[in-house]
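Here is how the chains run, residue by residue.
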Amino acid sequence: MIGICSDHAGYDYKQKLIAYLEAKNYKVKDFGTYSAERMDYPDVAHPLAEAVEKGDVEKGIAMCGTGNGMAITLNKHQGIRAGLAWDVEIGKLVKRHNNANVLVMPARFISFEKVCNITDAWLGTEFEGGRHQDRIEKIPVR
Ligand code: RB5
C-alpha cells in the first residue's frame with residue numbers, strides 16, 4: 001500500500017499518479033488534498049508521515065510546488081526519510097543509498113511523464129544496505 005499526498009500545486013499530478021499506479025495494480029491511499037483549492041502542505045504531510053511510521057501504509061509519495069515544503073515537514077518525523085527527486089537517477093539513488101520511505105517530487109518543475117518515470121525508478125530500486133545502512137542509522141536525533 002502506497003500513501004500519497006499533495007498540496008494544491010501538486011493536486012493535478014497526484015490525481016493522475018493515483019490512476020497511473022492503480023492501473024499498475026498498486027493499492028494507493030490518498031491523504032489529500034482533495035481539490036485544487038489553496039491549502040497548507042503540513043496538513044497532509046503530517047498524516048502521511050504518521051501512517052508510514054505506524055505501518056498503515058508501506059511507503060509514501062508527496063508532491064508540492066518545489067517539493068521542499070513536503071520534504072521539510074515529512075523529515076520532522078523520526079521514522080521518515082523523505083527524499084526529493086527531480087530526475088530518474090536521483091529517484092533510484094534516493095532508494096539505493098538513502099532508503100527513502102517517502103518520495104517527494106517538485107510538481108511545478110517537472111513534467112507528469114517525469115513524475116511517472118521517477119516513481120517507477122524509485123519503486124523498482126532496492127536499498128543497497130552496507131555502508132548506507134550505517135549512515136542512515138546515524139540520522140535520527142536521539
Ligand atoms: C505553494 O504555492 C508552494 O509554496 C508549495 O507548493 C511548495 O512549493 C512549498 O514548499
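Look up: the structure comes first, before these words.
Enquirer: Tell me about unusual backbone geometry, and please be specific about residues and values.
Expert: At the junction of Gly32 and Thr33, the peptide bond is cis and its omega measures out at 5 degrees in the coordinates. Summarising the element assignment, Thr33 is placed in the loop between strand E2 (28-30) and helix H2 (42-54). Of note, the phi angle at Asn25 is positive, near 75 degrees, even though the residue is not glycine. Located in the positive-phi region is Asn99, a residue other than glycine, with phi close to 45 degrees. Following the sequence through the fold, Asn99 ends up in the loop between helix H4 (88-96) and strand E5 (102-106).

Enquirer: Could you give an account of the site of the ligand, naming the residues involved and the relevant values?
Expert: The full set of residues close to the ligand is Asp7, His8, Ala9, Tyr41, Cys64, Gly65, Thr66, Gly69 and Arg108. Asp7 is positioned with one of its side-chain polar atoms (N or O) 2.5 Å from an oxygen atom of the ligand. Gly65 has a polar backbone atom sitting 2.7 Å from an oxygen atom of the ligand. When the ligand is considered free in solution it has 290 Å² of accessible area, and contact with the protein chains removes 70% of it.

Enquirer: Describe the packing of aromatic side chains, with residues and values.
Expert: The geometry of an aromatic ring pair comes down to the distance between the two centres and the angle between the two planes. Scanning the entire structure with this criterion turns up one aromatic pair. A cation sits over an aromatic face here: Lys16 above Phe112, 5.0 Å from the ring centre. Here the guanidinium or amino end of Lys59 rests over the ring plane of Trp122, the centre of that ring lying 5.7 Å away.

Enquirer: Could you give an account of the packing of H4 against helix H5 (residues 112-123), with specific residues and numbers?
Expert: The interhelical angle for the contact between H4 and H5, taken along N-to-C directions, is 25 degrees, at an axis separation of 8 Å. Taken together, the axes of H4 and H5 are roughly parallel relative to one another. The element H4 and its partner H5 pack so that their crossing is right-handed. Across the interface between the two elements, Val88, Gly91, Lys92, Val94 and Lys95 from H4 touch Asn117, Ile118, Ala121 and Trp122 from H5.

Enquirer: Tell me about the pattern of salt bridges, residues and numbers included.
Expert: Applying the stated rule across the entire model yields six salt bridges. Across the pair Lys16 and Asp12 runs a salt bridge whose closest N-O atoms are separated by 3.7 Å. Within this pair, Lys16 and its partner Asp12 are both found in helix H1 (residues 11-23), separated by four residues, close to a single helical turn. Here Lys16 falls in the partly exposed class, since its relative accessible area comes to 37%.

Rules used in this analysis
Residues numbered from 1 in each chain as written. Predicted model: local features only at pLDDT ≥ 70, side-chain atom pairs only at ≥ 80, totals over all residues. Heavy atoms only, no water. Helix = DSSP H or I, 4+ residues; strand = E, 2+ residues; numbered from the N terminus. Near = heavy atom within 4 Å. Polar contact = N/O pair within 3.5 Å; in protein donor to acceptor, adjacent residues only side chain to side chain. Areas by Shrake-Rupley, 256 points an atom, 1.4 Å probe, with all protein chains shown as cover. Phe/Tyr/Trp six-rings, centres within 6.5 Å; stacked < 30°, edge-to-face > 60°. Lys NZ or Arg CZ within 6 Å of the ring centre and 35° of its normal. Axes fitted to C-alpha atoms, helices over the stretch in contact; angles between N-to-C directions. Parallel < 35°, antiparallel > 145°, perpendicular 65-115°, else oblique. Left-handed = near helix turned anticlockwise from the far one by under 90°. Contact = heavy atoms within 4.5 Å. Salt bridge = Lys/Arg side-chain N within 4 Å of Asp/Glu carboxyl O. Buried < 20%, exposed > 50% of the residue type's maximum accessible area, 1.4 Å probe, protein only.

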